[in-house]
Amino acid sequence: MSNDAATAIPAVDAPQVPQQEVPTHGLGASLPSADARAKTEGTFPYASDLWAEGLLWAAVLRSPHAHARVVSIDTSAAAEMPGVRAVVTHADVPGAATYGRTVADRPVFASDLVRHHGEAIAAVAADHPDTARLAAAAIAVEYELLDPVTDPEKAFAAPPLHPDGNLIRHIPLRYGDPEAVGEVVVEGLYRIGRQDPAPIGAEAGLAVPRPDGGVEIYTASTDPHTDRDLAAACFGLAPEQVKVVVTGVPGAMGDREDPGFQIPLGLLALRTGCPVKLAATREESFLGHAHRHPTLLRYRHHADAEGRLVKVEAQILLDAGAYAEASSESLAAAVAFACGPYVVPHAFIEGWAVRTNNPPSGHVRGEGAMQVCAAYEAQMDKLAARLGLDPADLRLRNAMATGDLLPTGQTVTCPAPVAELLQAVRDFPLPDLPEGSPEDGWLLPGGPEGAGEPGAVRRGVGYALGMVHMLGAEGTDEVSTATVKVHDGVATVICAAVETGQGFSTLARQIVQEVLGVDEVHVASVDTDQPPAGPAAHGRHTWVSGGAVERAAKMVRTQLLQPLAHKFGMSTELLQITDGKITSYDGVLSTTVMEALDGKELWATAQCRPHPTEPLDDAGQGDAFVGLAFCAIRAVVDVDVEIGSVRVVEMAVAQDVGRVLNPAQLATRIEAGVTQGIGAALTENLRTPRGLVRHPDLTGYALPTSLDAPDIRIVKLVEERDVVAPFGAKAASAVPVVTAPAAVASAVRAATGRPVNRLPIRPQAAVAVPKA
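If you're wondering where the values come from, they're calculated on a predicted model, not measured in any experiment.

(A) Broad picture of the overall build of the protein. A tally of helices and strands in the protein yields 15 helices and 29 strands. Against the globule reference of 28 Å for 772 residues, the protein gives a C-alpha radius of gyration of 27 Å, in line with a compact fold. In terms of principal-axis extent, the alpha carbons of the protein reach across some 85 × 80 × 60 Å. Counting the 772 residues in the protein, one finds 59% classified as buried. Long-range contacts, defined here as pairs at least 24 residues apart, represent 80% of the contacts in the protein between residues at least 6 apart. In the form shown here, the protein has an accessible surface area of approximately 30,000 Å², with 51% of it arising from carbon and sulfur atoms. In the protein, which carries 61 positive and 93 negative side-chain charges, the distance between the mean positions of the two groups comes to 2 Å.

Okay, here's the thing in structure tokens:
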């Protein structure tokens, strides 16, 4: 099928997918979320809804400058205001003055230097939220303004912005022969903007002092045990004196991992001896949490005359912002996946992450992998154009498969059906063209009131292949612990895996239903009195926490079946549980799970720890990843080539999922990931001229809405189970985020003939090249 934007596309009916009988409970069922009703009725306990007797309100004073020396801080006016109960600055932090998940380089409150716009200077507790904000504004801070370093390329030669220097990490990947040269060479320079997680529910929390001198923090944490340990160190307390209780999480894509909202809250509670609540404004949310790394990428691809890749050379520069955050691991992903899911015999990649005076960057779905995907797929389009090949054909000739090597030297041992995924989206029928009726005006870029003319609209079709790693990388010790209890026919799962919208609570219920045949399953709320389960990222909880739940449930299953097996003189392996009934292989034994329980209380605790990984060495080599997931997307866009407006018509998705555990939930995750990727492709860019966040609100920061969401067709889910993963399932939500922006950019190239080397795509970049 040609990608020529001017080619008329005939209407083709989509193939009919045969309906298969699906289970109503257990794995494979579309079990609804347990909290769905509470969320729709408005009774779900979000942190912003919490209350306590004698409650005080907190407000944080943030720097209006990107880079400045703090000459003095005068809190006297704020402290004397009626209703103000406490004011705290860096001088009032009793423990560690800095914190950080990987590097403790971020101060609780700025003391001598301000390194980014929005950095916390002080915090106030008062008896009314307006009083707290007025008091924060009354704190007098004298600054000596400094020139901000906002260009990451200039950070190498700039004076140190931090005692640790400006360079956070450098990875020089060396793979193959540096002298290898292809018959055809294409080059490109690419820029990826700063995407914000932009949660609908802004950060909030409640801190309650305890009689033992400790504190309890109620907040939407996604990694409560790490948050507890970081906070306790800053409070000067032992970890057991700090308890983090997870409240309802209104979605999380990395923005919930920074305890910078929680630590001031706990300090104020300890100082006042009263419960203290903080509910961030939208502006504070934009200023306070981490964003996707803006990235500069230079690429050179070598290929032979048939389009087979020979060598990839790349330079990747991540703007970490003021502090290290997750930049080291984001860089590792970017460098390791810089060639994409393609077979590349020779690769030479230089990757850097540097500090600037821009807002901190951190975990956002597909960090590192999304940026390089946009670049290497643009290179594949350039290569196809240079060789006169169909872009999909070129990709198929180079597609990775199981047994191939990554440029890090690691063998791809998991299923890698890359060619199958691409073929599936390529073969899927293309959408119809608008027929010209009045209603079809809504289908044009900009809608019926848009500035363009229908005759200026061209259709483009583009492709992209993406990949992500699952779990932590480079030697991260991945472990989770879960307990399963059964009493009176009701099962309870206790696991500190936080439900962030990824569906873990639903999955845990399905696992127990599958293993024990018990329909009623409850998942306990999460706090740090439970054993740790780690952060909610990279599909961890499906794999590690789900694996722990399964192992604990199987141990309870053995306890349940052993008396029956002993009574009938057989092994427990000869008994099975199906639809709440226990039967033996020969039919001699048949009873219900409820009868076998007979009032007993059974429980077991288990851990899951995947096989270890190793850090990348000085040449960027090593088995750094536990597993990989892949995705192919075909994007169809309509572009008004006179004014540069773009409408995404359809996204056809084929994904490598290992095993479908919950069909409805999986489809929702993929659709949400694709939509987030479309935002990164077309509208989302948090602008920071001279390091100052511009328009930190949902009016100035353009998120895609339901009117921007295209038809998302999940055309194929490849269920080739990963034998080392529990249930064989793979992470589902990050890889469509990684792939979608590159697919949209590819389609805009096809429609306009423009290179499209920047995300999000600017209107001027979507204006077609004039024909000679």
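(B) Fine view of the sheet that holds strand β6 (residues 113–114). Taken in spatial order, the three strands make up an open sheet running β6-β2-β8, and their pairing is antiparallel. Among the strands making up the open sheet, the edge pair consists of β6 and β8 (140–145). With two bridges connecting them, strand β2 (residues 68–74) and β6 associate as antiparallel partners. Bridge assignment links R69 to a residue of β6, and that residue is L113.

(C) Region of interest: the sheet that holds strand β19 (residues 480–487). Pairing in this open sheet of four strands is mixed, and the strands run β21-β20-β19-β25 from one edge to the other. What marks the edges here is a single partner per strand, and that holds for β21 (520–523) and β25 (601–608). Each neighbouring strand pair of the sheet contributes to a mean axis angle of 20 degrees, computed without reference to strand direction. When β19 meets strand β20 (residues 490–495), the two strands line up antiparallel, connected through six bridges. Counted as the bridge partner of A482 is C495 from β20. On the sheet, helix α11 (residues 504–516) packs against β19, β20 and β21 and is oriented at approximately 140 degrees with respect to β21.

(D) Layout of the pairing of strand β22 (residues 575–578). Burial of β22 is one-sided: the residues L575 and I577 facing one way are buried, the residues Q576 and T578 facing the other way are not. Direction of pairing for β22 relative to strand β23 (residues 581–584): antiparallel, over a ladder of four bridges. Residue pairing in the sheet places L575 in a bridge with S584 of β23. Two successive antiparallel strands, β22 and β23, enclose a turn made up of two residues, where D579 displays a positive phi of approximately 50 degrees.

(E) Summary view of the pairing of strand β11 (residues 204–209). Sheet analysis places β11 next to strand β14 (residues 276–279), joined by four bridges and oriented antiparallel. Residue pairing for β14: A207 is matched across the bridge by V276. Alignment of β11 against strand β12 (residues 215–219), held across five bridges, turns out to be antiparallel. Within β12, the position partnered with A207 by the bridge is I217. Between β11 and β12, which follow one another and run antiparallel, lie five residues, and G213 among them has a positive phi close to 90 degrees.

(F) The environment of G54, seen in detail. Within the secondary structure layout, G54 lies in the loop between α1 (36–41) and β1 (56–62). With a relative accessible area of 45%, G54 lands in the partly exposed category. Residues G54 and R687, 633 residues apart in the sequence, show an inter-C-alpha distance of 40 Å. Residues contacting G54, with those up to four places away along its chain left out, are C274 and P275.

(G) The arrangement of the nonpolar core in detail. Formed by 110 residues in total, the largest nonpolar core has its most connected members in Y299, M651 and V744. In this structure, C495, A508, L560 and M570 belong to the second largest nonpolar core, which totals 55 residues.

(H) Just the pattern of salt bridges, in detail. Counted under the stated rule, the structure contains 34 salt bridges. For E350, the salt bridge identified is with R174, shortest N-O distance 2.2 Å. On the criterion of sequence distance, the pair formed by E350 in strand β17 (residues 346–355) and R174 in strand β9 (residues 167–175) is long-range, its members being 176 residues apart. Salt bridges sharing common partners tie together E377, D381, R395 and R749.

(I) Just a negative patch on the surface, in detail. A cluster of acidic residues, E614, D617, D618 and D623, forms a negative patch on the protein surface. Checked against the element boundaries, D618 lands in the loop between β25 and β26 (625–640). Judged by its relative accessible area of 74%, D618 is exposed.

(J) Structural detail: the packing of helix α9 (residues 391–398) against helix α10 (residues 418–427). With their axes 9 Å apart at the nearest point, α9 and α10 run at an angle of 165 degrees to one another. Here α9 lies roughly antiparallel to α10, going by the angle between them. Of the two possible hands of crossing, α9 and α10 adopt the one that is left-handed. Touching A392, D393, R395 and L396 of α9 are A419, L422, Q423 and R426, all from α10.

Rules of the game
Residues numbered from 1 in each chain as written. Predicted model: local features only at pLDDT ≥ 70, side-chain atom pairs only at ≥ 80, totals over all residues. Heavy atoms only, no water. Helix = DSSP H or I, 4+ residues; strand = E, 2+ residues; numbered from the N terminus. Rg over C-alpha atoms; globule rule 2.2 N^0.38 Å. Buried < 20%, exposed > 50% of the residue type's maximum accessible area, 1.4 Å probe, protein only. Contact = heavy atoms within 4.5 Å. Areas by Shrake-Rupley, 256 points an atom, 1.4 Å probe, with all protein chains shown as cover. Lys, Arg positive; Asp, Glu negative; His and termini not counted. Charge placed at Lys NZ, Arg CZ, Asp CG, Glu CD. Pairing = 2+ DSSP bridges. Axes fitted to C-alpha atoms, helices over the stretch in contact; angles between N-to-C directions. Core = buried A, V, L, I, M, F, W, Y, C linked by side-chain atoms within 4.5 Å. Salt bridge = Lys/Arg side-chain N within 4 Å of Asp/Glu carboxyl O. Patch = residues over 30% accessible without salt bridge, like charges linked within 9 Å, V, L, I, M, F, W, Y side chains within 5 Å. Parallel < 35°, antiparallel > 145°, perpendicular 65-115°, else oblique. Left-handed = near helix turned anticlockwise from the far one by under 90°.

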